[in-house]
Amino acid sequence: MHTNCFIGGAFVPASSGRTFTVRNPANDAAVAEVADGGAADARAAVAAAAAAFPAWKSTAAIERAKPLRRLTELMHRDAERLADLCSQECGKPLAEARTEVAYGASFLEWYAEEGKRVYGETIPASDPAKRLLVLRRPCGAAAAITPWNFPIAMVTRKMGPALAAGCTQVVKPAEQTPLSALAIAALAAEAGLPAGVLNVVPGMDAPAIAACFFDNLHVRHVSFTGSTEVGRILLRQSADNVVRVSLELGGHAPFIVFDDADLDAAVAGAMASKFRNAGQTCVCANRFLVQRGVHDAFVERLTAAVGALKVGDGRAAGTQVGPMIDDAGVAKVEAHVADAVAHGAQVRTGGTRAQVPGGSSRFFAPTVLSGVTPSMRCFREETFGPVAPVCAFETESDALRMANDTPYGLAGYLYTRDGARIMRMAEELQYGIVGVNDPLPATAQAPFGGVKHSGLGREGGHQGIEEYLDLRYVSWRVG
Ligand code: NAP
């Protein structure tokens, strides 16, 4: 297991010599002692990325694709080891961790190809003696700050487009989950990625590390996935050196079920969207809006399915819902449930912490709340836990108004069989992603990202690589 910083192609201890302990949130067992990188290490990593940039950007895209493709293969080769590491550090069930390895690898594979299609443009000039060209050039070194909830995929989703575009990168993984990022770095080296193209600086002092991404002219792009609160801080910091930022921030997804929906599909979709990663997913359904005609049947079926979920250690056979990442996470879930109950919501199943033999106190029983109203906290804030609050609505315009009544705008879902309604809703929902009868819309080839307080920029799709490219307009007098 790699536990040191990865800088300039080598695993090196933190310059301070300090380490910190990564613990399994399921049982508090120490997983590893990891180098506690700080500002000096971040500066060294930025210097390594800046030094590697000229050669990497001049490498043909077709050649840059080779180590990325090879890394994809190595991730599949080591899928079981990576999944186990991921489950240990973030607590998610092994089955989900395996899916994350494949999803994470898909970004490298897809961008290895997309990097070959960074085409320029020629523009017909009004002056016949001129030729007008638009070149798309890699913007420079890039930095990535990633969260703990997808320790593999949030790294590769940033790394794939950056490296395929010809940028080099420094990654600062979440302090709870640095091991997956370091494992990817080791595989990248094995895949033949040149030294300095990818660097990883784990550490406890995120603000100090991040500051080194904004205090120089080498880092031209910072991609962040995490909370809206930290996203705002980074957006402010980006101003001094006018650094481009992509922000994938918090969500508060509505999951709308209309009377004409296929109810079995809606319940299955609700389960997939809500309880993945114990509800700690930025795009997971955070509030269920269900039309009056199917409300009771939906609540009944959802309650039965949620009550049957198996809670436990992510590495134990059959576990479907693991622990929350930390004490603050479980306390927030408890507070949201208590607030809803105090204001008249009914607990249909769950509602309390769950006891897991030998486990920590961070397990929360998968919960369904009915009788939820828009004034309750769970309806207004991201819960980020295994709680499904259900609220009834009467008309399509009510659903739309309730769904859009939030500063967040990452993902929204609707279940209906009415084609015209699908188009109306898809156009009017103020969200960057709309899942229509589809609880899992994220994929490497489509643009993922939010509007309003959910962020700026897109990851995935051909749009994702644009974030790392500068347009260079060339006006060429030929006569
Ligand atoms: P977070 O506290 O914002 O942390 C995310 C990353 O930012 C971590 O690496 C963290 O480092 C770092 N960080 C914390 N404070 C910082 C600062 N002042 N300056 C620079 N970096 C800083 O978020 P989280 O609790 O890990 O993740 C949960 C949030 O992420 C949720 O709101 C969720 O919706 C959102 N999320 C969004 C997406 C998306 O694609 N839109 C995907 C996943 C998650 P440390 O770990 O060292 O503190």
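An account of the accompanying structure is given in this report.

About the thresholds
- Every chain begins its residue count from 1, and numbering advances along the sequence as written.
- Since the coordinates come from a predicted model, pLDDT governs what is reported: local features require at least 70, and pairs of side-chain atoms require 80 or more to be given and counted, while whole-chain, interface and lining totals use all residues.
- Heavy atoms from the whole structure form the basis of all side-chain values; hydrogens and water molecules are not counted.
- Lining residues are those with an atom within 4 Å of a point, where the points come from a 1 Å grid over the protein atoms alone and group into cavities, where a 1.4 Å probe fits but cannot get out, or pockets, open sets with protein on both sides within 12 Å along at least five of seven lines.
- Grid points are joined across faces, edges and corners, and a volume is the space filled by probe spheres set on the points.
- Helix numbers and strand numbers start at the N terminus; a helix is a DSSP run of H or I with at least 4 residues, a strand a run of E with at least 2.
- Residues are sorted three ways: Asp, Glu, Lys and Arg are charged, Ala, Val, Leu, Ile, Met, Phe, Trp, Tyr, Cys and Pro are nonpolar, and all the rest, Gly among them, are polar.
- Domain segmentation is taken from an automatic or database assignment of domains.
- Should DSSP find at least two bridges between two strands, the strands are taken to pair.
- Fitting a line to C-alpha atoms yields each axis, with helices limited to the stretch in contact; the angle taken between N-to-C directions then spans 0 to 180 degrees.
- Contacts are assigned to residue pairs with any non-hydrogen atoms lying within 4.5 Å of each other.
- Every case where a carboxyl oxygen of Asp or Glu lies within 4 Å of a side-chain nitrogen of Lys or Arg is listed as a salt bridge.
- Whether a residue is buried, partly exposed or exposed follows from its accessible area with a 1.4 Å probe, protein chains only, as a fraction of its type maximum: under 20%, in between, or over 50%, in that order.

With respect to the layout of surface pockets
No. 1: Taken as a whole, the second largest pocket encloses approximately 250 Å³ of empty space.
No. 2: Thr21, Val22, Arg23, Glu175 and Gln176 are the residues nearest the centre of the second largest pocket, which is lined by 15 residues in total.
No. 3: Looking at the lining of the second largest pocket element by element, the count peaks at 4 residues for strand β3 (residues 19–23).
No. 4: Of the residues in the lining of the second largest pocket, the class split is 5 nonpolar, 3 polar and 7 charged.
No. 5: Composition of the lining of the second largest pocket by domain shows at least three residues from each of domain 1 (5–249 + 454–477) and domain 2 (253–442).

Digging into the sheet that holds strand β18 (residues 411–415)
No. 1: One open sheet holds the 7 strands; their spatial order is β14-β15-β16-β13-β12-β18-β19, and the pairing between them is mixed. Taken across any chain shown, the strands that pair with only one partner, and hence form the sheet edges, are β14 (346–349) and β19 (433–436). Across this sheet, the average inter-strand angle for adjacent strands is 25 degrees, counted without regard to direction.
No. 2: Relative to strand β13 (residues 285–291), strand β12 (residues 253–257) runs parallel, the two sharing 5 bridges. Looking at the pairing, alanine 253 lines up with alanine 285 of β13.
No. 3: Against the sheet, helix α10 (residues 292–307) makes contact with β12, β13, β14, β15 (367–370) and β16 (387–393), and its axis sits at roughly 140 degrees relative to β13, the strand it touches most.

Comments concerning the pattern of salt bridges
No. 1: Counted according to the given criterion, the structure contains 29 salt bridges.
No. 2: One salt bridge in this structure joins glutamate 381 and arginine 377, with 3.1 Å as the shortest N-O distance.
No. 3: Overall, glutamate 381 belongs to the partly exposed group, its relative accessible area being 29%.
No. 4: Since its relative accessible area comes to 31%, arginine 377 is described here as partly exposed.
No. 5: The closest approach of N and O atoms between aspartate 398 and arginine 401, which form a salt bridge, is 3.2 Å. Placement of both aspartate 398 and arginine 401 in helix α13 (residues 396–404) is noted, with a separation of 3 residues, approximately one turn of the helix.

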